[in-house]
Each structure stands twice: as structure tokens, then as C-alpha cells.
Amino acid sequence: MSKILIVMSAADTWERTDGSSYPTGYWAEELAAPHEKFVEAGYTVDFASPGGVRQPLDEHSANPEIAGPDCARYVGYAEEVLSVFGPLRKLGEVDLNDYAAVVLPGGHGPVVDLHQDADLGRLLTEADAAGKVIGAVCHGPAGLLSAVDEEGRWLFAGREMTAFTDEEEQLFGTAEAAPWLLASRLRELGAKHVGGPAYQAFTVRDGNLFTGQNPASSAPMAEAMIAALRQ
């Protein structure tokens with residue numbers, strides 16, 4: 001099997017506890033870097049989202065002062081591959097049997113919708129049961145929270161993982177007025193969350209689950225996934 005599914009958020013706004021609305025979208029590097037690695041390794045990549053909605057670009061990821069000197073390349077790459085792919089697949093219509101791996105990139109969108117998306121929860125539950133590779137980077141691990149059973153038990157409780165840390169959220173300026181902080185929520189629900197230095201590449205593997213802490217972790221996470229898929 002040579003196909004990988006990237007699941008994007010459909011959210012373009014993050015409502016804050018102070019009543020403000022924070023514009024969000026996909027983070028270019030977190031989509032482009034894994035996609036590039038997967039294609040170079042010979043995989044076909046599909047995109048899906050809730051309702052098949054194409055999320056806009058998070059403009060912060062196009063700002064070199066925030067996203068680094070390579071951000072323009074990532075933005076151009078992401079926009080091109082999304083344009084070539086065309087309409088995204090509707091998450092509720094995805095057949096997991098078509099894919100060897102599922103990947104959740106970030107931007108703040110996953111803390112808006114994917115964390116409670118029942119269709120994603122179903123796919124992740126099926127993927128984990130089948131031993132398929134699952135990857136999530138930065139705020140993407142919020143999507144893992146959707147995988148709960150009928151009694152509300154979280155599938156990934158007890159698993160070791162990383163995600164955008166509370167420290168990084170504070171440094172980025174989005175911790176205050178956030179409805180909840182991702183790393184804290186993961187720990188509260190039973191994950192063994194670990195983190196590295198702020199904004200430095202850091203990845204964690206726990207069995208078939210691969211997670212990356214921040215945008216810089218996107219390519220290393222994809223490389224680790226590819227190595228596992230080839231075993």
C-alpha cells in the first residue's frame with residue numbers, strides 16, 4: 001500500500017475566552033515538509049478534512065520573522081499541491097483501507113474542530129487497531145483527542161507523545177485567552193507528554209504513533225514514519 005492520508009482542519013477561526021476571534025489555518029511547513037518527504041519516498045498523498053472544506057493558509061506561517069527563512073518555499077509548495085489535488089476528500093467518506101498512514105498537521109485549527117470530530121475518531125481508532133502508522137505534529141495531536149470509545153475513554157491515554165508545548169504557546173502569544181492549552185490537556189487526559197527545547201525539532205515514537213512538537217519537527221517526524229513504513 002503506497003498511499004498516505006493527510007487530515008486537515010476545516011477551521012479558519014479560533015474563538016477566544018476574551019470574546020476575540022483569532023484567524024487560523026494550516027501551517028505551511030507542517031503540511032509541505034511531510035508531503036514532500038512522502039512523495040520523495042514514493043507515496044501518493046491524499047487530503048481530507050471535515051466536510052471536504054479547504055482550510056486557508058495561516059498567514060503567520062508565511063512570515064519569515066515567525067516561520068523562518070524557508071517559509072516562502074513551504075507556502076508555495078503547499079499551495080501548489082493543494083491546488084493540484086483539487087477538492088479535499090470528505091473525512092466522513094474516507095475508507096481507511098486505502099491508506100498506510102494518517103497524518104495530522106497543525107495550525108491552531110485542530111484545537112477548534114478535529115479534537116472532537118467523530119469521523120476522525122473513527123479513522124484513528126481503526127488505524128490504531130490495524131497497527132497503521134499515525135503521525136501528528138505541533139497542534140495536530142489535538143486530533144488524537146477525538147478517538148474515544150462509547151464510555152468516553154481516550155484511545156491514546158498512557159501513550160508517550162509530544163505536541164506544541166505550553167511554553168511555546170506562551171512564547172507565540174496565544175496562551176492567554178486560549179480555551180485550553182494542548183500539552184496540558186493531553187496530560188490531563190492521560191498522555192505521557194514530553195517536550196524538548198522551545199521551537200527546536202523534537203519527535204517521539206510510541207509504537208505506531210509518531211508525534212512532533214512544532215513546525216521544525218515536521219520533516220523529522222515524516223522521515224521517522226517513512227522508516228517505520230519500510231520495515
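Predicted model, so just to flag it, every value in this text is computed and none were measured.

(A) A look at the packing of aromatic side chains. In this structure the tally under the stated criterion is five aromatic pairs. Aromatic pair Trp154 and Phe156: ring centres 6.3 Å apart, planes at 65°, arrangement edge-to-face. You'll find Trp154 and Phe156 in the same group, each marked buried. Considering the side-chain rings of Phe164 and Tyr199, the 5.9 Å spacing of their centres and the 70° angle between planes classify their relative orientation as edge-to-face. Here the residue Phe164 occupies a position in the loop between strand E8 (160-161) and helix H5 (166-172), and Tyr199 occupies one in the loop between strand E9 (192-193) and strand E10 (203-206), the gap between them amounting to 35 residues.

(B) Spotlight on the nonpolar core. Formed by 35 residues in total, the largest nonpolar core has its most connected members in Leu124, Leu144 and Phe156. Of all the elements in the fold, those that place two or more residues in this core are strand E1 (3-7), strand E6 (101-104), helix H4 (118-129), strand E7 (133-137) and helix H6 (182-188). Top element by residues in this core is H4. It accounts for four residues. Not counting residues within four places of it along the chain, the set of residues in contact with Phe156 comprises Leu124, Asp128, Ile134, Leu144, Ala147, Met161 and Leu209. Ranked by size, the runner-up nonpolar core spans 33 residues in total, among them Val45, Tyr77, Val81 and Val133.

(C) Up close: the sheet that holds E10. Taken together, the seven strands give an open sheet; going across it, the order is E5-E4-E1-E6-E7-E11-E10, and neighbouring strands pair in mixed fashion. Two strands bound the open sheet, and with one partner strand each, they are strand E5 (89-90) and E10. Relative to strand E4 (residues 44-49), E1 runs parallel, the two sharing five bridges. In the sheet register, Ile6 faces E4, and the bridge partner there is Phe47. Packed on one face of the sheet, helix H3 (residues 71-85) meets E4 and E5 and runs near 85° to E4.

(D) How the structure looks around the packing of helix H1 (residues 28-40) against helix H7 (residues 218-229). Across the interface, H1 lies against H7 with an axial gap of 8 Å and an inter-helix angle of 35°. Our pair here, H1 against H7, has a crossing hand that is right-handed. Contact residues: Glu29, Glu30, Ala33, Pro34, Lys37 and Phe38 in H1; Ser218, Ala219, Ala222, Glu223, Met225 and Ile226 in H7. In terms of residue class, the contact of H1 with H7 is made up of seven nonpolar, one polar and four charged.

(E) Quick look at the layout of surface pockets. Here the largest pocket defines a volume of roughly 210 Å³. The wall of the largest pocket is formed by 14 residues, among which Trp27, Ile66, Phe164, Tyr199 and Pro215 lie closest to the centre. Of the residues in the lining of the largest pocket, the class split is nine nonpolar, three polar and two charged.

(F) Summary view of the environment of Pro23. Summarising the element assignment, Pro23 is placed in strand E3 (residues 21-23). With a relative accessible area of 54%, Pro23 lands in the exposed category. Sequence separation between Pro23 and Gly76 is 53 residues; the distance between their C-alpha atoms is 20 Å.

(G) Looking closely at the side chain of Ser218. Inspection of the secondary structure assignment puts Ser218 in helix H7. A polar side-chain atom of Ser218 sits 2.8 Å from the main-chain carbonyl oxygen of Pro215. What Ser218 contacts, discounting residues up to four positions off in sequence, is Glu29, Glu30, Ala33, Pro34 and Val137.

(H) Focus on H7. Here H7 spans 17 Å end to end across 12 residues, near enough to the 16 Å set by a 1.5 Å rise per residue. By the burial criterion, the buried members of H7 are Ser218, Ala219, Met221, Ala222, Met225, Ile226 and Ala228. The secondary structure elements touched by the buried residues of H7 are H1, E6, E7, E10 and strand E11 (209-212).

(I) Seen up close, the pattern of salt bridges. Inspection of the entire model under this criterion finds 11 salt bridges. Among the ionic pairs, Lys37 bridges to Glu223, the shortest N-O distance being 3.0 Å. In this pair, Lys37 sits in helix H1 while Glu223 sits in helix H7, placing the two residues 186 residues apart along the sequence. On the accessibility criterion, Glu223 (41% relative accessible area) is partly exposed. One salt bridge connects Arg159 with Asp128, and the closest N-O pair in it is separated by 3.4 Å. A residue pair is termed long-range when its members are at least 10 positions apart, and Arg159 in the loop between E7 and E8 and Asp128 in helix H4 qualify at 31 residues. For the residue pair Arg159 and Asp128, the accessibility class agrees, reading buried in each case. Through salt bridges with shared partners, one network takes in Lys3, Asp46 and Arg89.

Procedures and definitions
- Residues numbered from 1 in each chain as written.
- Predicted model: local features only at pLDDT ≥ 70, side-chain atom pairs only at ≥ 80, totals over all residues.
- Heavy atoms only, no water.
- Phe/Tyr/Trp six-rings, centres within 6.5 Å; stacked < 30°, edge-to-face > 60°.
- Buried < 20%, exposed > 50% of the residue type's maximum accessible area, 1.4 Å probe, protein only.
- Helix = DSSP H or I, 4+ residues; strand = E, 2+ residues; numbered from the N terminus.
- Core = buried A, V, L, I, M, F, W, Y, C linked by side-chain atoms within 4.5 Å.
- Contact = heavy atoms within 4.5 Å.
- Pairing = 2+ DSSP bridges.
- Axes fitted to C-alpha atoms, helices over the stretch in contact; angles between N-to-C directions.
- Left-handed = near helix turned anticlockwise from the far one by under 90°.
- Nonpolar A, V, L, I, M, F, W, Y, C, P; charged D, E, K, R; others polar.
- 1 Å grid on protein atoms, 1.4 Å probe; cavity = no way out; pocket = protein on both sides within 12 Å on 5 of 7 lines; lining within 4 Å.
- Points joined across faces, edges and corners; volume = space filled by probe spheres on them.
- Polar contact = N/O pair within 3.5 Å; in protein donor to acceptor, adjacent residues only side chain to side chain.
- Expected span 1.5 Å × (residues − 1).
- Salt bridge = Lys/Arg side-chain N within 4 Å of Asp/Glu carboxyl O.

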